[in-house]
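Summary of the model geometry
As a plain string of letters, each chain reads:
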Amino acid sequence: MISFIKKGIAGSKLGKPPGTILSFSGSPEKEVEFEHIRYNSVDFRQKMLKGSENVPAPDDSDDITWLCFFGQSDLGLMNRAAELYDIPHLLLEDILNPDHRPKLEIFDNQILIIVKMISINDEGSLVAEQVSFVVGKNYVLAFQEFPGDLFDPVRERLKKSLGRIRSMTADYLAFALLDLIVDNYFVVLEAVAEVLEGLEMTLIKEPSEFDVVDIHDLKMQLFYLRKIAWPLREVANGLQKAEIEIIRPHTKMYFTDVYDHSIRVLETTETLREVAIGVSELYMSNISLKMNEIMQTLTIISTIFIPTTFVAGIYGMNFEFMPELKWQWGYFGALGFMLMIGLVMLAFFRRKRWI
Amino acid sequence: MISFIKKGIAGSKLGKPPGTILSFSGSPEKEVEFEHIRYNSVDFRQKMLKGSENVPAPDDSDDITWLCFFGQSDLGLMNRAAELYDIPHLLLEDILNPDHRPKLEIFDNQILIIVKMISINDEGSLVAEQVSFVVGKNYVLAFQEFPGDLFDPVRERLKKSLGRIRSMTADYLAFALLDLIVDNYFVVLEAVAEVLEGLEMTLIKEPSEFDVVDIHDLKMQLFYLRKIAWPLREVANGLQKAEIEIIRPHTKMYFTDVYDHSIRVLETTETLREVAIGVSELYMSNISLKMNEIMQTLTIISTIFIPTTFVAGIYGMNFEFMPELKWQWGYFGALGFMLMIGLVMLAFFRRKRWI
Amino acid sequence: MISFIKKGIAGSKLGKPPGTILSFSGSPEKEVEFEHIRYNSVDFRQKMLKGSENVPAPDDSDDITWLCFFGQSDLGLMNRAAELYDIPHLLLEDILNPDHRPKLEIFDNQILIIVKMISINDEGSLVAEQVSFVVGKNYVLAFQEFPGDLFDPVRERLKKSLGRIRSMTADYLAFALLDLIVDNYFVVLEAVAEVLEGLEMTLIKEPSEFDVVDIHDLKMQLFYLRKIAWPLREVANGLQKAEIEIIRPHTKMYFTDVYDHSIRVLETTETLREVAIGVSELYMSNISLKMNEIMQTLTIISTIFIPTTFVAGIYGMNFEFMPELKWQWGYFGALGFMLMIGLVMLAFFRRKRWI
Amino acid sequence: MISFIKKGIAGSKLGKPPGTILSFSGSPEKEVEFEHIRYNSVDFRQKMLKGSENVPAPDDSDDITWLCFFGQSDLGLMNRAAELYDIPHLLLEDILNPDHRPKLEIFDNQILIIVKMISINDEGSLVAEQVSFVVGKNYVLAFQEFPGDLFDPVRERLKKSLGRIRSMTADYLAFALLDLIVDNYFVVLEAVAEVLEGLEMTLIKEPSEFDVVDIHDLKMQLFYLRKIAWPLREVANGLQKAEIEIIRPHTKMYFTDVYDHSIRVLETTETLREVAIGVSELYMSNISLKMNEIMQTLTIISTIFIPTTFVAGIYGMNFEFMPELKWQWGYFGALGFMLMIGLVMLAFFRRKRWI
Amino acid sequence: MISFIKKGIAGSKLGKPPGTILSFSGSPEKEVEFEHIRYNSVDFRQKMLKGSENVPAPDDSDDITWLCFFGQSDLGLMNRAAELYDIPHLLLEDILNPDHRPKLEIFDNQILIIVKMISINDEGSLVAEQVSFVVGKNYVLAFQEFPGDLFDPVRERLKKSLGRIRSMTADYLAFALLDLIVDNYFVVLEAVAEVLEGLEMTLIKEPSEFDVVDIHDLKMQLFYLRKIAWPLREVANGLQKAEIEIIRPHTKMYFTDVYDHSIRVLETTETLREVAIGVSELYMSNISLKMNEIMQTLTIISTIFIPTTFVAGIYGMNFEFMPELKWQWGYFGALGFMLMIGLVMLAFFRRKRWI
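Definitions and limits used
- Residues numbered from 1 in each chain as written.
- Chains lettered and ligands numbered in written order.
- Predicted model: local features only at pLDDT ≥ 70, side-chain atom pairs only at ≥ 80, totals over all residues.
- Pairing = 2+ DSSP bridges.
- Helix = DSSP H or I, 4+ residues; strand = E, 2+ residues; numbered from the N terminus.
- Axes fitted to C-alpha atoms, helices over the stretch in contact; angles between N-to-C directions.
- Contact = placed C-beta atoms within 7 Å.
- Least-squares fit on C-alpha atoms with pLDDT ≥ 70 in both.
- Domains from an automatic or database assignment.
- Core = buried A, V, L, I, M, F, W, Y, C linked by C-beta atoms within 7 Å.
- Buried ≥ 20, exposed ≤ 12 C-beta atoms within 10 Å, placed from the backbone.
- Nonpolar A, V, L, I, M, F, W, Y, C, P; charged D, E, K, R; others polar.

Details of the sheet that holds strand β1 (residues 33–39) of chain E
Residues and elements named next belong to chain E. With mixed pairing, seven strands are arranged side by side in an open sheet as β2-β1-β3-β7-β6-β5-β4. The outermost strands of the open sheet, each flanked by one partner alone, are β2 (44–50) and β4 (103–106). Ignoring strand direction, the axes of neighbouring strands in this sheet form an average angle of 20 degrees. Pairing between strand β5 (residues 111–120) and strand β6 (residues 126–135): ten bridges, direction antiparallel. Bridge pairing links lysine 116 to glutamine 130 in β6. Those strands touched by helix α3 (residues 89–96) are β4, β5, β6 and β7 (139–144), and its axis lies near 5 degrees from that of β5. Contacting β3 (64–70), β5, β6 and β7, helix α5 (residues 170–205) crosses the sheet at an angle of about 30 degrees to β5.

Thoughts on the relation of the copies chain A and chain B
Under the fitted operation, chain A is carried onto chain B by 0.1 Å of movement along the axis and a turn of 72 degrees, and the coordinates agree to an RMSD of 0.1 Å. One copy is carried onto the other by what is essentially a five-fold rotation axis. Ranked by how close their C-alpha atoms come to the rotation axis, the residues of chain A are headed by glycine 316 of chain A, at 4.7 Å. The fraction of interface residues of chain A whose copies in chain B are also interface residues is only 16%, indicating that the copies meet through different surfaces.

Focus: the domain arrangement of chain A
Many descriptions give the size of an interface as the accessible area lost when the pieces come together. Partitioning chain A into structural domains gives domain 1 (8–285) and domain 2 (295–351). Measuring from the centre of the C-alpha atoms in domain 1 of chain A to the corresponding centre in domain 2 of chain A gives 76 Å.

A short note on the relation of the copies chain D and chain C
When chain D is brought onto chain C, the operation consists of a screw motion whose angular component is 72 degrees and whose axial shift is 0.1 Å, with 0.1 Å RMSD remaining. A different interface surface on each copy is seen, since only 13% of the contact residues of chain D are contact residues in chain C too.

Some remarks on the nonpolar core
Membership of the largest hydrophobic core comes to 465 residues, with the highest contact counts inside it found for Leu177 of chain A, Leu177 of chain B, Leu177 of chain C, Leu177 of chain D together with Leu177 of chain E. If we ignore the near neighbours within four places in the chain, the residues touching leucine 177 of chain E are Phe133, Ala142, Phe151 and Val154 of chain E. Membership of the second largest hydrophobic core comes to 85 residues, among which are Ile304 of chain B, Ile300 and Leu325 of chain C together with Ile300 of chain D.

Considering the interface of chain A and chain B
Counting residues at the interface gives 51 residues for chain A and 63 residues for chain B. Within the residue set of the side of chain A that touches chain B, elements represented by two or more residues are α1 (8–13), α6 (212–241), α7 (249–315), α8 (323–326) and α9 (330–351) of chain A. The element contributing the most residues to the side of chain A that touches chain B is α7 of chain A, with 18 residues.

What about the interface of chain D and chain C?
Taken together, the contacts link 63 residues of chain D with 50 residues of chain C. Elements supplying a minimum of two residues to the side of chain D that touches chain C: α4 (152–160), α5 (170–205), α6 (212–241) and α7 (249–314) of chain D. The element that contributes the greatest number of residues to the side of chain D that touches chain C is α7 of chain D, accounting for 30 residues. Taken together, the residues that form the side of chain D that touches chain C break down as 31 nonpolar, 17 polar and 15 charged.

Re the pairing of β1 of chain E
Residues and elements named next belong to chain E. Note: β1 against β2, seven bridges, orientation antiparallel. Residue pairing for β2: glutamate 33 is matched across the bridge by lysine 50. Adjacent in sequence and paired antiparallel, β1 and β2 are bridged by four residues.

Here's what the structure looks like:
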């Protein structure tokens, strides 16, 4: 019988008031930093602030403010930011819960987006990180689960004023960040597809090198990908349909694009999963086939030699009265008889198409 | 042929008028108690009442009344409570039927919630308990299937006035209780996930220790979890969408949170089920692989020694006229011939990549 | 090649005008009876009528009339009843077709309900019987496929005036009968669950007693149960949503109860089906496991003794010049060599964890 | 690698203007005939016309005209009929494409129905034939794919004025023909069910007679049946819901009946498919079981005799110095030792419950 | 452990502004050409233009303009065309992304259609090519992924004025091109069906020739086909339902026809997939069956000869005192005994129905 043990993160949150945020095992000795970017079509400023410094407050200017929080260990900072930008406590809890389901909440003057960023790390493993955005009229707050430079391409575009990003509103910045995240799914799916194709090739060309645990691992990864890709699609759909002032009519089309991509992510995931299942089934067929071959070899050898050995055994008996033993051609007769048995067996196997 | 026997609880209820409640096998000798909690933002009173005492009647005060019934053996008490709080007889039957499907019924001035509480007991088994709530303007009636302290965390929060629970209305209390129940699902799912991961590891690292009945048990548990998690989602959805005076606008957001969690419960259950299926399949592959290995060993040994034994058998025959027996190098020639057969077989196996 | 034969009941109805009712193989020699019950809150009359007697006509009184037809062999009686109670010919055909799909038809002043009654007979087999109801303002016509006492519990409640059935309208009587039918599903499902659990236990504790045909039979029964439970749910749903005068507002809640139960029937059926599939899979794993064990035994014995027998065979050869034969310690040396082979093999198997 | 070849009917239609009808391989030497039936409640006329004769034009009389075209080789005739009865060219193409999906098109004064007629031919194989109807105010045009007498039962009812068919409108005639087609599905499904039951019985009682290709064939037939039954349901649903003058209110109920039957066809098909899958699985279990039994027999015999043969081999060695050979009871001691080995093995097998 | 590598096309697009088009590996040395066709009911002109020439601008004439771009390596040309015909940059990106999901975008005066053309190339492999159309009031722009003559049948109809294509509007031209693409699916599906049928036949008649990798390949192809056929259906559905001026009422019926065909494509794909699964399962049954046969042969031979060889071994022992050896009929008695063992075994196998 299996027996379960009550523990883990969920356990320690039992019965706490909603909005309770557990203290994270972040490294408190190293002071947390956050980034403040402010730009408009002609200007771009970027600076790193210490966790203890003031969080820039929202204002009514036309400049776009982008605050980027790395890691989530400094709860005080989070709370100050939440207060300044009117983020309800329940939602802050969702942002800081690294295991939250991707979701979209649309308020009158704010949008909350929680998604999973998926990427390949240097060891070649898939890593999922929760990324949340709070998007307002002229600001975007981005919360990454771990410190990291994943938004660098967008920073680059802002700094070098590539494309029209600098002349667009905050919702476009949100789109650019989300688009980057969805594009990463394709990078991951391409890598998965390549590994899967490699496994398929190995199975077909070099079956003995094939490790069934690999395909099992891949299937598990694809389950996980599908699980987080489904709500991503919902988020993208919600954004393209949102009737809210923050999302300008001309950025809607961009969110539609993100939605299209998220559907493609889902479909590709499904297809890869079916291919993985197909490869598993092919593998099982191969095992059965190889077993058949092995057994066939054994059976052919055994059924040829077991009867002939029996004949040899007969003439190895030590009875005093065994007339054949005294015949001049007895030995060769026996050999001939055994040969005949062998040939009959071979003919039988050929008729059965075993050889 | 299988043959069925008519019996069980369902059998004894056949054709009874609706609302018939079977007498339970509760222990009538021990008098039943129930708990009466009454609080507002400044005050908190809690007392245990005997089953024979008067059930506190609903009133119009702004205090919140929470009645908590443990176990369901005292039908008289149940009936008195139902009468006082206007609970229709059919619904009381649902509350007292320990096998009822989770459901939500919304009336003008009352909500009935039936859910399954799932937890891990001291023996490490999953236990499901039916818990029902009747929520009114300023009261919550909670019915537990078995006596127990599962709501203690909420009592604690009330007593110590943690968070804002004391200043909120009865619907918030209902939310707090429901939230506690849903959070317990995560505790269970985490424990299940851990066991599943353990089984997967065992299978990969130490296949001989793996017991297929364990994974079968786990799959059955996951079927059951899914069966009760589905209607839980419906209940949470109904609550977040309810257009009724009892549920205040500012508590809606909390029920949305419960709904989010219930979806995550469902998705996690599904994912665990797929992982469990994946582990089963991996196990079947492993069995087949091991069989292949066993057969390969047998075949290699057999096909090398069966023909050579046959050769030895030939020269063990007692024919009078066997010229080879007299040759000086006959013995070593025979040994050499057998060695050659063995080497040919080994070469054959190597070409087939069996060794 | 499989080849099909055109015959059966369906064949004989080909191209007949709609509403054609085939003559049933009922026993015409025994005269058919039907039952006439008439009651109100103070009075209750019950009598058996011969098939040739007049069918009581509908009237405008406040008394409830319940006509109960047993078996369907007396077509004349059926037709007279249909005419009196304005049952369209097509619907009478549906009622009398024992293979009809459960369905609900709602007319302005009449409801037609066709459901399957499922029960366990004395031999322990599942029996399905089609039961139809025609419900009007103050009457219920019940048509059973076979004579039988399945509605006795309701008759009892009417006679003894248990619960409030006597003071309620005809729709409540219809509910009471339907409720009885749905409750019977639970009796059946409990019996199926028990058998299934028994099979699972047998498989785990005493696998050699397990008969795969039993689990196959059970799966087939569950397919059938699901097939008839699906439309039952639709019928119950239609009744609880019907906007029609015959169904009084205060009986709606009862039909909602029936609907809840029918969903539970469906879910339980699904769960049992999944458990049955799980048991089948466990069985297949067990077979494979046992095969592995058998093969392992064979391989261990064979690979130990085949090489040693070969060595014995060598020294059983009759060559004149075999130096070892003359050595004093040749025999014990050979025995030792064979022992060594055996030990090497055992070590090899232990390393492979086969023993 | 598999490689595909571009050919077939679809290939020859590539890029043709819509409405292009390929010349059929019908036998042009034999002149095509078509049937003209005209009736009202008092009169009935029926005649066969040659393909070259005029197609009777639609008129405004109250008589019902039924034109029945057998086979589709005479394109000129088809075109003349299409022109007279205002059938759009695209739809004529659909009617004449023998591979079209069942569909319903409702126009203001015409309905086009394309369905598959399924029946069992004299060789016991399933045959599908496309049948199309064009239904107008007072006419029905029926197009059969092959000449045949499949509508004879309806002709009979018309001729003998059975039921009320003669007094009804054209939509009722369409219903009668469609009903005949749907009823044929039941005949086929009954035959399939009987074959399936036969296979199941064979598998359980006489497994060696069971041919796996039969169940494979049956599953393929059921796939095909499901594929054509799905759109049939849609057609029936469309007809029962059609809001159009041609379908009189009092015939709606008949189309509802057809719809009910088409759902039953679908459900029965699904159930049969599941039973077929169940039988396949039972078969696979049986194969595995039989394999186990075979292997068990081999293992028991081998493991008893291989070690004892080894002992015999030892005492068959020709060493000069083998003390046991000279013992008086050596022979019987050896026999006893071998017997003991055999008994130990048997005990071992019994403990493992193999014998 | 599997490990993933980040690379591929998706990788190089990460974080680029939307609408970024990667330079394609087209051969820039060869100048790109595009085709300009302009026609009305009386006139038809066709010419090839160099990529450097001016793209004909849209005008208000009643002539239909059809521009056909082959391959996508000349980005400058694409951009000029996009500007002239007001194609938004995001959509141009979609057109030029060879991996885009089929989709339909409907604007006020333009429709964008992206579909996959599927065909069989000269090596007998399936080839998918992305084809996009931009349809305006009096023009159609077609973008092929690779140069090729796939639209030749439509060019032919235009040139020879076959059917009514020359007298119809631009939407009809779009329909003709789309219809050609959908018809190609049927060609492919017919080829797939034929290969599948061939595999099925091989499996049934000549199982040893059957290669499991073929059926695996086929299943993978069918996955792919289904993946691109699903959105094709959506595109066709969108077109038949579009409420927009460009699509004239009388061409709607044609798009409905395309929709019907796309559903048939989907259904046929599904059916083929189920047949492929059925064939796989039949194959697995066959492997198991063959294994049974092999093992049966081995077991029969082994269990007959292993015990008899044992008997021969006994009388081959060299004990000095073995009374049987001296009996006159000892040899024949032993032979008889062995024969008896063989016969008993044969009887045993016959009773088990193995022979």
